Amino acid sequence: MSNPRFIAGNTAIDDWQQHVEDDNGTGIYIDVDTSAGNFSETPVYTANLCGRDSMWTTTGGNTIYTPTSKGFRIYVRWQDGRPLTVEYAVSHGWYISWVATEV
């Protein structure tokens, strides 16, 4: 068994994009680039929404979508379905902190 490799990082606060769902409100998403890890296969990812405040009233900030060896996507929205905007996330310093592990 080989030794696991780890890489970690944070996204920039201004990398958020707007996401509009048909019936479930409006949220945001961010694509996380992990290509610096040079993984040959998709690693195990762990992620967390971070920032100055209000993260606890959201959902999705630790859910990994479309993982590949080069990255993944995270969608975030308010728990109560209110519209969440990129401007709100940026003004509150939201970002994703992540770790990738290849075993």
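Here is what the cut-offs are and how they apply
Residues numbered from 1 in each chain as written. Predicted model: local features only at pLDDT ≥ 70, side-chain atom pairs only at ≥ 80, totals over all residues. Heavy atoms only, no water. Core = buried A, V, L, I, M, F, W, Y, C linked by side-chain atoms within 4.5 Å. Buried < 20%, exposed > 50% of the residue type's maximum accessible area, 1.4 Å probe, protein only. Helix = DSSP H or I, 4+ residues; strand = E, 2+ residues; numbered from the N terminus. Contact = heavy atoms within 4.5 Å. Pairing = 2+ DSSP bridges. Axes fitted to C-alpha atoms, helices over the stretch in contact; angles between N-to-C directions.

Student: Explain the nonpolar core here, please?
Tutor: Note that soluble globular proteins tend to have their nonpolar side chains buried in a common cluster. Counting 19 residues, the largest nonpolar core has Trp16, Ile28, Val76, Trp94 and Ile96 as its most contacted members. Where this core is concerned, the elements lending two or more residues are β3 (26-33), β4 (44-50), β7 (71-78), α1 (86-91) and β8 (95-102). The greatest single-element share of this core, amounting to four residues, is contributed by β7. Once residues within four sequence positions are removed from consideration, Trp16 is found in contact with Ile28, Tyr29, Ile30, Leu49, Val76, Val86, Ala89, Trp94, Tyr95 and Ile96.

Student: Teacher, can you tell me more about the sheet that holds β4 here?
Tutor: Within a sheet, adjacent strands bond to each other through the backbone by hydrogen bonds, running parallel or antiparallel. Spatially, the three strands line up as an open sheet ordered β1-β8-β4, and their pairing is antiparallel. Strand pairing shows two members of the sheet lacking a second neighbour, β1 (5-10) and β4, which therefore form its edges. On average, each strand axis in the sheet is tilted by 10° relative to the strand beside it, whichever way the strands run. Here six bridges tie β1 to β8, and the two strands are oriented antiparallel to one another. Bridging from a neighbouring strand, Ala8 pairs with Val99 of β8.

Student: Looking at this structure, I do not really get the pairing of β8. What am I missing?
Tutor: It is a general feature of regular strands that their side chains alternate between the two faces of the sheet. Note that β4 and β8 share seven bridges and pair antiparallel. Bridge pairing in β8 links Val44 to Thr101.

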